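This is what each chain is made of:
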Amino acid sequence: VCFAEATDKLPNVKILATGGTIAGAGATNTTTVGYTAAVAPVEALINNVPELKKVANVSGEQISQIASENMSNEVWLKLGKRVNQLLAQDDVDGIVITHGTDTLEETAYFLNLVVKSDKPVVLVGSMRPPTAMSADGMLNLYRATILAGSKEAVGKGVLVMLNDTIHSGRDVTKTITDRVDTFKAPEIGPLGFFTGDKPVFYRAPLRKHTAATEFDISHLNELPRVDIAYHYAGNTGVVIEALTKAGAKGIVHAGTGNGSIGKAEYPAIEAAQKKGVVIVRSARVGNGIIARNGEANDDKYNFVAADSLNPQKARILLMLALTKTDNPQEIQKMFWEY
Ligand SMILES: NC(=O)C[C@H](N)C(=O)O
């Protein structure tokens, strides 16, 4: 933990580090693939950007040190509880979370549903390690810190700040494997942008988030098991069978097109439902709304339509929904609300 000198005027921003490329290192300054993620500790990230101290009283905490493909429910619960503890303190104005980009959208949506505060929470990452030419992490971290201490970000839900662009944690997704302009909210768009040191917002999220949600993780030590079954031509339902056997309480079906399900999958789906597994219909397309009773008879089969959530985000809402109820109708309402 490192503490900056406190000044009266500057906001107090906590930087919680989880790992990722933003804390990575490559062999040379042209290494932009094949580097090692999650090696630099939070103190190094902060000290690498001395300008942070001009825009906030910053202090850091290491929550985990992992590449974000290794993110887990366990780390999410630890992180969510710590964020809630910190934001309940009068001497914390906002939080920045440094994170790998691979699952950043999942952590952002999880926190968007479980953080119980209007204070800003901003996730940040980078596509190039700090050792690379034109590394993007330092400027991203600088701006995320400004955003976390800003009045503009209050009440906007959990935000994601990379590449000059401010997104809602609900809507954002990683769209490109290897370039800095990877985070987008296709069709919905960003909430705003940075111009120099200034965050400029053009819209606010309408779906319920943070303090307005019904989800409380304060007493949870685990989340219900939910897995994702990807559909493709020739799929026989064998994945759904295996997930049911493994003890899934919910399965998100990453359907083709508008959330369509293959005929050959139905026996496995119905067998899963007999064991109490809740089925959510999302789509591998990654854009658009799954209409209820569109490509499947949701009423007849007791499916939940995922609205506009992609499979990995639908999984998060389903896990949290299952902490409240296993009734598909009630869970459907949550998918329309959040
Ligand atoms: N750019 C990145 O951060 C990718 C890395 N695999 C991670 O998610 O930790």
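Residues numbered from 1 in each chain as written. Predicted model: local features only at pLDDT ≥ 70, side-chain atom pairs only at ≥ 80, totals over all residues. Heavy atoms only, no water.

### What to know about unusual backbone geometry
Positioned with a positive phi, Asn 163 is a non-glycine residue whose angle comes to about 55°. Mapped onto the fold, Asn 163 is located in the loop between strand 5 (159-162) and strand 6 (165-168). Given a relative accessible area of 30%, Asn 163 falls into the partly exposed group. Of note in the backbone geometry, Asn 302 takes a positive phi value of approximately 60° without being a glycine. Here Asn 302 lies in the loop between helix 8 (298-301) and strand 14 (304-305). (Helix = DSSP H or I, 4+ residues; strand = E, 2+ residues; numbered from the N terminus. Buried < 20%, exposed > 50% of the residue type's maximum accessible area, 1.4 Å probe, protein only.)

### Things to note about the sheet that holds strand 1 (residues 12-19)
If you walk across this open sheet you meet the eight strands as 2-1-3-4-5-6-9-10, and the pairing is mixed. Edge positions in the sheet fall to strand 2 (57-66) and strand 10 (198-201), since each of these pairs with one other strand and no more. Taken pair by pair, the neighbouring strands of this sheet meet at an average axis angle of 25°, ignoring direction. Here strand 3 (residues 94-98) pairs with strand 4 (residues 121-124) via four bridges, running parallel. Looking at the pairing, Ile 97 lines up with Leu 123 of strand 4. (Pairing = 2+ DSSP bridges. Axes fitted to C-alpha atoms, helices over the stretch in contact; angles between N-to-C directions.)

### Side note on the pattern of salt bridges
Throughout the structure, instances matching the rule amount to 11 salt bridges. We note a salt bridge from Arg 207 to Asp 307, for which the minimum N-O separation is 3.2 Å. In this pair, Arg 207 sits in the loop between strand 10 and strand 11 (226-230) while Asp 307 sits in the loop between strand 14 and helix 9 (311-322), placing the two residues 100 residues apart along the sequence. With a relative accessible area of 27%, Arg 207 lands in the partly exposed category. By sharing partners, the salt bridges in this structure join Arg 170, Asp 171, Arg 207 and Asp 307 into a single network. (Salt bridge = Lys/Arg side-chain N within 4 Å of Asp/Glu carboxyl O.)

### A word on the pairing of strand 2
Within a regular strand, the side chains alternate between the two sheet faces. With respect to burial, strand 2 is a largely interior element, eight of its 10 residues being buried. Relative to strand 2, strand 1 runs parallel, the two sharing seven bridges. By the bridge assignment for strand 2, Lys 14 is matched with Ser 59.

### Remarks on the pairing of strand 4
Going residue by residue along strand 4, you find Val 121 and Leu 123 tucked away on one face and Val 122 and Val 124 tucked away on the opposite face as well. Handedness of the crossover joining strand 3 and strand 4 through helix 4 (residues 104-114) is recorded here as right-handed. Inspection of the sheet shows strand 4 paired to strand 5 by two bridges, in the parallel sense. Directly across from Leu 123, in strand 5, lies its bridge partner Val 160. In this region the chain leaves strand 4, passes through helix 5 (residues 137-148) and returns to the parallel neighbour strand 5; the handedness of that crossover is left-handed. (Right-handed = clockwise from strand over helix to strand, strands pointing away.)

Don't take any of this as a statement about function, it's just geometry.
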